[in-house]
Amino acid sequence: MNYNLVSKKELKAWLEDKLVNELGTRPETASDALYYKALSMVVVELLREKNRRFQVDTNSHGRKQVYYLCMEFLMGRSLKNSLYNLEIVNEVRDVLADYGVKLEALYDYEPDAGLGNGGLGRLGACFMDALATQDYPAMGYSICYEYGIFKQKIVDGWQTELPDCWLPGGEVWLAPRPERSVDVHFGGEVEEFWDNNYHHVNYKNYTTVRAVPYDMFVSGYNSKGVSRLRLWKATSAGFDMESFNRGDYVNALGANSMAEAISKILYPNDNHNEGKALRLRQQYFLVAASVGDIVNRHMATYGTLDNFADKVAIHINDTHPTLAIPELMRILLDDCGYNWDVAWNTVTRVFAYTNHTVMSEALEKWNEDLFASLLPRIYQIIREINNRFVYDLYNTYHLDCGRVEEMAIISGRTIRMANLCVMACHSVNGVSKLHSEIIKRDVFRSFYEIMPQKFTNVTNGIASRRWLYQSNEGLTQLLRDTIGNGWLRDMSELTKFNKYADDKRVLGRLEEIKLQNKEAFADYIKKTTGVSIDPHSIFDAQVKRLHEYKRQHLNALHILSLYQWLKANPNAEFTPHTFIFGAKAAPGYFLAKQIIKLICTLRDVIEKDPAVREKLRIVYLEDYRVTLSELLMPAAELSEQISLAGTEASGTGNMKLMLGGALTIGTYDGANVEIAEHVGEENMFIFGMRAEEVESLKGHYSPRAIYNGNRTIKAALDAINKGIGGNAFPDIYQSLVNSDPYMVLRDFDSYAATQRKAMATYADQVKWQQMSLRNIAESGYFCADRAIHEYAQNIWNLR
Ligand SMILES: *Cc1c(COP(=O)(O)O)cnc(C)c1O
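Residues numbered from 1 in each chain as written. Predicted model: local features only at pLDDT ≥ 70, side-chain atom pairs only at ≥ 80, totals over all residues. Heavy atoms only, no water.

**Brief notes about the overall build of the protein**
Here is step 1: The secondary structure content of the protein amounts to 34 helices and 25 strands.
Here is step 2: Compactness check: the protein gives a C-alpha radius of gyration of 27 Å against a globular reference of 28 Å for 799 residues, within 12% of the reference.
Here is step 3: A principal-axis box enclosing the C-alpha atoms of the protein has dimensions of 90 × 70 × 60 Å.
Here is step 4: Across the 799 residues of the protein, 60% fall into the buried class.
Here is step 5: Pairs at least 24 apart in sequence give 77% of the contacts found in the protein among residues at least 6 apart.
Here is step 6: When the accessible area of the protein is evaluated, it comes to approximately 30,400 Å², of which 48% is carbon and sulfur surface.
Here is step 7: With 89 positive and 99 negative side-chain charges, the protein shows a spacing of 2 Å between the two charge centroids. (Helix = DSSP H or I, 4+ residues; strand = E, 2+ residues; numbered from the N terminus. Rg over C-alpha atoms; globule rule 2.2 N^0.38 Å. Buried < 20%, exposed > 50% of the residue type's maximum accessible area, 1.4 Å probe, protein only. Contact = heavy atoms within 4.5 Å. Areas by Shrake-Rupley, 256 points an atom, 1.4 Å probe, with all protein chains shown as cover. Lys, Arg positive; Asp, Glu negative; His and termini not counted. Charge placed at Lys NZ, Arg CZ, Asp CG, Glu CD.)

Shown next as structure tokens:
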């Protein structure tokens, strides 16, 4: 089927119309920046029209809708993705060529929509693509942050943060829908009274914030579907005329900026919750606007909420949007007059929850007093949910008070969002097999014991086409020449590539393609930093948020030990190595920033040492983001996935790198376990403790004993402590020697030995390319299309 909506001739006329009539320029004289804008406007109109047709189709069949709530969507750029997914990239390239404009030059005018921190936000973005590609009617909801994830600048080796002002340039992708605005209430008081057995609440003296939606469209590939990401911007609900008329100009405007603060900025923490009031406001703002909108949309189609649970699935992605649960209760009880049991039945059928982390500092808890004053009615509803739940735990499940206390939603003056989510949702899933097992036997064990049927797994996936078809032209062509085009729509067809594992010609082409991609990446590094890296050295990449559990410091410690070894053995054989790091640290995360400085210090020390720098080089990629990952993934050869076993819920960077043919050096953690199941352990480099070993070592782990007994580790750590290149890192040293919460020292030897094994393998390029081919061929399972299909069938019950 051909979903092409437009011919080359029409495109040309349309583009000219935008340039002339909307941007006030002429095709002959317009700058590339204006071409970018005009082309984007044309594409948005195409997307909007495709979406309109898809909506008509969806509504006429009364199809169940899925709504995906998430505080983060790390969308990256839209132009290239849209052109490829709408399958008009060649037509557009031709049209532009007629004016002497290069399409590829226009892409760089688009800023990344960085409305997320890392993996969680990128997952949401990948899912929008997969939902549309499979024609599932879906809407994502988030906040239209004026400032996305900060821009990272490395100054003298230290991370500094600059505001990410993405709207000039990014705004063209947003379609405002002011007529769909929703009012959200904060603060105030609640009065309750009874009238003939009817319970009434009167909520008054609240502050109103208006949520205005902006839609971003994501087309599916070769499909009818379009997903919509509805982003809410906070504005004050009109001007406070009363204050203004009293002459209180300052307060009238103050309310305005209080409201606007809600959608001003994305919190730059990954896997960490600060418990700040503004963050709670953001969370309630998102869910109240979204649930309000979902109800409005449902009422417009069906005129009743009686069939709400049959036609609506709402997904809570991580605990951040948990308040959607009491918010829907509020609407059903207070606005629609349903009784508690009917309302609760609807709510528990509608919501499903995905857990993304087992780390306690990320599990959200709110101070009860803060919560009660900010959201008094929601607080009452949560208390009622909790009372009934606790009653049930005692009387239906006969649990003892220790167990009840552990499972309660409210305890010790805090409200635990994860507990509310797990007890209320009909489905709770982890994001890899291992992670889903851990939540059952660890964090949510007590819940699992009394409600095992709601626990399930959906292993994460990625928008494979973005990192292959759109970013890796050489590999795309090789796949077309060998296994055809079917994999573009059905990534499981990549397994056909396995047939070529012994084909010398194909292996040779793989090697050539990798070299070309490495050269392109080296050009970027040269252009942006002035440093020349050797495209014949192995490209070893660790790119992800900076976090102790991800153990960038294990990598750094190993590089330091290599450096010391090369100084002692200057004539030894050594595979030239380029270590590539890319990572942002949360601005308030002290040790993470120290680790960045340590890596940059090592980089500088090596760079000043002519005896070593041709063998060992470090590149620190500034401002790692989706668009940079699209350049790096096709060029990387070794994928560092070295988190402490049991800490990384899934990882998706591992999947992107595998798809580009990189081999994984990693622990048995998250989705690495399943990558090993698919490619076979012989096609990757596994090292370190398993999750069970980690568990059994807790409580009697002694990093100091390892430090004292291991000369390599001691030498590297002493250098960190005493100073390298004039910089000392006593805090990193102390942390590792005294507590080492992520057991870096324990896994060090195993990691170093496995690095040596990888280097030995790299020397045999036929063998290496064969392993690489196996990884590419088995990466189809890790496509978001597969993950979304599982959500749709097993959790949302679509079709
Ligand atoms: C995929 C991706 C991530 C997630 O990487 P992990 O290795 O899974 O932590 C983070 N940031 C960006 C920009 C990504 O594209």
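**Quick look at the UniProt feature "modified residue: N6-(pyridoxal phosphate)lysine" (unreviewed entry) in the protein**
Here is step 1: What UniProt calls "modified residue: N6-(pyridoxal phosphate)lysine" (unreviewed entry) maps, in this numbering, to Lys 656.
Here is step 2: Positionally, Lys 656 belongs in helix α26 (residues 653-659).
Here is step 3: Assessed through its relative accessible area of 10%, Lys 656 is described here as buried.
Here is step 4: In contact with Lys 656, not counting residues within four places along its chain, are Arg 122, Ile 462, Trp 467 and Met 633. (UniProt positions renumbered as here; feature names shortened; annotations may be inferred.)

**Focus: the sheet that holds strand β17 (residues 414-416)**
Here is step 1: Spatially, the three strands line up as an open sheet ordered β15-β17-β16, and their pairing is antiparallel. With one partner strand each, in any of the chains shown, β15 (365-367) and β16 (410-411) form the two edges of the open sheet.
Here is step 2: In this structure, β16 lies alongside β17, joined through two bridges in antiparallel fashion. Within the sheet, the bridge partner assigned to Ile 410 lies in β17 and is Ile 415.
Here is step 3: Taken strand by strand, helix α17 (residues 417-424) contacts β15 and β17, and its axis lies near 40 degrees from that of β17. (Pairing = 2+ DSSP bridges. Axes fitted to C-alpha atoms, helices over the stretch in contact; angles between N-to-C directions.)

**A few points about the sheet that holds strand β21 (residues 577-582)**
Here is step 1: Within the open sheet, the six strands sit side by side as β22-β21-β20-β23-β24-β25. Their pairing is parallel. The open sheet has two free edges, formed respectively by β22 (616-621) and β25 (685-686), since each of these has just one partner strand.
Here is step 2: Here strand β23 (residues 638-641) runs beside strand β24 (residues 663-666); their pairing, made up of four bridges, is parallel. Note that in β24 the partner of Leu 638 across the bridge is Leu 663.
Here is step 3: With respect to the sheet, helix α22 (residues 504-529) is in contact with β20 (538-543), β21 and β22, its orientation differing from that of β22 by roughly 70 degrees.

**As for the pairing of strand β13 (residues 312-317)**
Here is step 1: The element β13 is extensively covered by neighbouring structure, given that six of its six residues are classed as buried.
Here is step 2: Here β13 shows two buried faces, one formed by Val 312, Ile 314 and Ile 316 and the other by Ala 313, His 315 and Asn 317.
Here is step 3: Inspection of the sheet shows strand β1 (residues 65-69) paired to β13 by five bridges, in the parallel sense. Residue pairing for β13: Gln 65 is matched across the bridge by Val 312.
Here is step 4: With four bridges joining them, β13 and strand β14 (residues 351-354) adopt parallel strand pairing.

**Structural notes on the environment of Asp 57**
Here is step 1: Mapped onto the secondary structure, Asp 57 falls in helix α2 (residues 32-60).
Here is step 2: Here Asp 57 falls in the partly exposed class, since its relative accessible area comes to 22%.
Here is step 3: Here the alpha-carbon distance between Asp 57 and Lys 224, two residues 167 residues apart in the chain, equals 9.4 Å.

**Overview of the packing of aromatic side chains**
Here is step 1: Going through the model one piece at a time under the given rule, you end up with 22 aromatic pairs.
Here is step 2: Measuring from centroid to centroid gives 5.8 Å for Phe 186 and Tyr 284, while their planes differ by 80 degrees, and the two rings are edge-to-face. Note that Phe 186 is positioned in strand β8 (residues 182-186) and Tyr 284 in helix α10 (residues 277-302), a separation of 98 residues in sequence. Of the two residues, Phe 186 and Tyr 284, neither departs from the other in class, the shared state being buried. (Phe/Tyr/Trp six-rings, centres within 6.5 Å; stacked < 30°, edge-to-face > 60°.)

**Structural notes on the site of the ligand**
Here is step 1: What surrounds the ligand is a group of 14 residues, the closest being Lys 544, Lys 550, Thr 652, Gly 653 and Lys 656.
Here is step 2: Between Lys 550 and the ligand, the recorded distance is 2.7 Å, taken from a side-chain N or O atom to an oxygen atom.
Here is step 3: For the shell around the ligand, the secondary-structure elements that each account for two or more residues are α25 (626-632) and α26.
Here is step 4: By residue class, the composition of the shell around the ligand is four nonpolar, six polar and four charged. (Near = heavy atom within 4 Å. Polar contact = N/O pair within 3.5 Å; in protein donor to acceptor, adjacent residues only side chain to side chain. Nonpolar A, V, L, I, M, F, W, Y, C, P; charged D, E, K, R; others polar.)

**Section: unusual backbone geometry**
Here is step 1: Positive phi outside glycine occurs at Glu 87, with the angle close to 60 degrees.
Here is step 2: Here Glu 87 lies in the loop between α3 (79-85) and α4 (89-98).
Here is step 3: For Glu 87, a relative accessible area of 28% corresponds to the partly exposed category.
Here is step 4: Backbone geometry at Asn 205 places phi at a positive 60 degrees, although glycine is not the residue there.
Here is step 5: Checked against the element boundaries, Asn 205 lands in the loop between β10 (198-204) and β11 (207-219).

**Quick notes on a nonpolar patch on the surface**
Here is step 1: A grouping of Tyr 249, Val 250 and Leu 253 is seen on the molecular surface, where their side chains present a nonpolar patch of about 300 Å² in accessible area.
Here is step 2: You can see Leu 253 is positioned in helix α9 (residues 249-261).
Here is step 3: Taking the relative accessible area as the measure of exposure, Leu 253 reaches 33% and is therefore partly exposed. (Patch = residues over 30% accessible without salt bridge, like charges linked within 9 Å, V, L, I, M, F, W, Y side chains within 5 Å. Salt bridge = Lys/Arg side-chain N within 4 Å of Asp/Glu carboxyl O.)

**Overview of helix α31 (residues 730-739)**
Here is step 1: Along α31, the residues that are buried comprise Ile 732, Tyr 733, Ser 735, Leu 736 and Val 737.
Here is step 2: In this structure, the buried side of α31 is in contact with α23 (552-568), α24 (590-607), α29 (703-709), α30 (711-722) and α32 (744-762).
Here is step 3: With its phi angle positive at about 40 degrees, Asp 740 sits one or two positions after the end of α31.

**Digging into the pairing of strand β5 (residues 151-155)**
Here is step 1: Burial of the side chains of β5 is restricted to one face: Gln 152 and Ile 154 are buried, whereas none of Lys 151, Lys 153 and Val 155 on the reverse face is.
Here is step 2: Two elements, β5 and strand β6 (residues 158-162), share five bridges in a ladder whose sense is antiparallel. Note on β6: the bridge partner recorded for Ile 154 is Gln 159.
Here is step 3: Here β5 folds back onto β6 in antiparallel fashion, the turn holding two residues, of which Asp 156 has a positive phi close to 55 degrees.

**Thoughts on α2**
Here is step 1: With 29 residues, α2 extends 42 Å from end C-alpha to end C-alpha; this agrees with the ideal 42 Å at 1.5 Å per step.
Here is step 2: Downstream of α2 by a residue or two, Gly 62 has a phi angle that is positive, lying close to 55 degrees. (Expected span 1.5 Å × (residues − 1).)

**Some remarks on the packing of helix α13 (residues 340-350) against helix α15 (residues 376-395)**
Here is step 1: At a minimum axis distance of 13 Å, the contact between α13 and α15 shows a crossing angle of 90 degrees. In this view, α13 runs roughly perpendicular relative to α15, as classed from their interaxial angle. Counting all contacts with α13, which are made through Trp 340, Asp 341 and Trp 344, the residues of α15 involved are Ile 381, Glu 384, Ile 385 and Arg 388.
Here is step 2: The residue makeup of the contact of α13 with α15, split by class, is four nonpolar, no polar and three charged. (Parallel < 35°, antiparallel > 145°, perpendicular 65-115°, else oblique.)

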